[in-house]
Amino acid sequence: MSLESTPTELRDQVPAPLAVRALGSAVGALAGAIIITNAVTGFDAETFVATLVGLLAGLSAVFARITITLTGGTIRFSFFPFLRVAYDLAQVRRATVVRIDPVRLGGVGIRRSRGARVLAMSAGRGVRVETTRGTIIVQSTMAERIAAALTSAV
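If you're wondering where the values come from, they're calculated on a predicted model, not measured in any experiment. (Residues numbered from 1 in each chain as written. Predicted model: local features only at pLDDT ≥ 70, side-chain atom pairs only at ≥ 80, totals over all residues. Heavy atoms only, no water.)

Draft legend 1. Spatial organisation of the overall build of the chain. For the chain, the count of helices and strands is four helices and ten strands. In the chain, the succession of helices and strands from N to C terminus is β-β-α-α-β-β-β-β-α-β-β-β-β-α. Principal-axis analysis of the C-alpha atoms gives the chain an extent of 65 × 35 × 25 Å. Out of the 154 residues belonging to the chain, those deemed buried represent 40%. Pairs at least 24 residues apart make up 54% of the contacts formed inside the chain by residues separated by at least 6 positions. Put simply, the chain shows about 8,400 Å² of open surface, and 61% of that area lies on carbon and sulfur atoms. In the chain, the 17 positive side-chain charges and the 9 negative ones have mean positions that sit 7 Å from each other. (Helix = DSSP H or I, 4+ residues; strand = E, 2+ residues; numbered from the N terminus. Buried < 20%, exposed > 50% of the residue type's maximum accessible area, 1.4 Å probe, protein only. Contact = heavy atoms within 4.5 Å. Areas by Shrake-Rupley, 256 points an atom, 1.4 Å probe, with all protein chains shown as cover. Lys, Arg positive; Asp, Glu negative; His and termini not counted. Charge placed at Lys NZ, Arg CZ, Asp CG, Glu CD.)

Rendered as structure tokens:
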């Protein structure tokens, strides 16, 4: 997990758990080997496309991460490589610290639970941000600092 902060910027990043990244690496390596074998032994388009999908899924697991960036008048949430959302601070109504429980929220990843969009990699702490465009719950290693910064900006 990496944390960077300056007086005008707050940034938090939560990578995928090690087990998920290891599994993604294994899937990606297997898919790469199948693609090479397919090219050498005689090209089959169906096998190639199916394996390419597996390769991309494996790579997305390896590089998956949640990032929260608070800069100037904007807060950005991303679940790389799938989702990016930005809000002007004027749109933020309330920010609170919450406990992320994947069992209660319906799993990890990008979810919708109890009227909120949820971005979670595992169990832990997060920040619940209520905006004029809806509610988002995002896992964070520095939820208290982000909630406090958003609350002071409101």
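Draft legend 2. Broad picture of the sheet that holds strand β8 (residues 116–120). If you walk across this open sheet you meet the five strands as β6-β9-β10-β8-β7, and the pairing is mixed. For this open sheet the edge positions go to β6 (92–100) and β7 (109–113), each flanked by a neighbour on one side alone. For this sheet, the mean inter-axis angle between neighbouring strands, taken without regard to orientation, is 20°. Across five bridges, the pairing between β7 and β8 is antiparallel. Residue Arg-111 lies in a different strand from β8, and its bridge partner there is Val-118. Of the strands in this sheet, β6 and β9 (124–131) are in contact with helix α4 (residues 143–153), which crosses β6 at around 165°. (Pairing = 2+ DSSP bridges. Axes fitted to C-alpha atoms, helices over the stretch in contact; angles between N-to-C directions.)

Draft legend 3. Expanded view of the nonpolar core. Among the nonpolar cores identified, the biggest contains 27 residues, and Ile-75, Phe-77, Leu-119, Val-127, Ile-146 and Leu-150 are the most heavily contacted of them. Going through the elements one at a time, β2 (9–15), β3 (65–71), β4 (74–80), β5 (83–88), β6, β9, β10 (134–139) and α4 are the ones with two or more residues in this core. Looking at this core element by element, the count peaks at four residues for α4. If near-sequence neighbours (up to four positions away) are discounted, Leu-119 is found in contact with Ile-66, Phe-77, Phe-79, Leu-83, Gly-109, Ile-110, Ile-136, Ile-137, Val-138 and Gln-139. (Core = buried A, V, L, I, M, F, W, Y, C linked by side-chain atoms within 4.5 Å.)

Draft legend 4. Spatial organisation of the packing of aromatic side chains. Summed over the entire model, instances satisfying the criterion amount to three aromatic pairs. Measuring from centroid to centroid gives 6.1 Å for Phe-77 and Tyr-87, while their planes differ by 65°, and the two rings are edge-to-face. Highlighted residues: Phe-77 in strand β4 and Tyr-87 in strand β5, separated in sequence by ten residues. Of the two residues, Phe-77 and Tyr-87, both sit in the buried class. A centroid spacing of 6.4 Å and a plane angle of 35° characterise the contact between Phe-79 and Phe-82, whose relative ring orientation is tilted. Exposure remark for Phe-79: the relative accessible area of 6% places this residue in the buried category. In this structure Phe-82 comes out as exposed when scored by relative accessible area, which is 54%. Residue placement shows Arg-65 over the ring face of Phe-80; its charged tip is 4.3 Å from the ring centre. (Phe/Tyr/Trp six-rings, centres within 6.5 Å; stacked < 30°, edge-to-face > 60°. Lys NZ or Arg CZ within 6 Å of the ring centre and 35° of its normal.)

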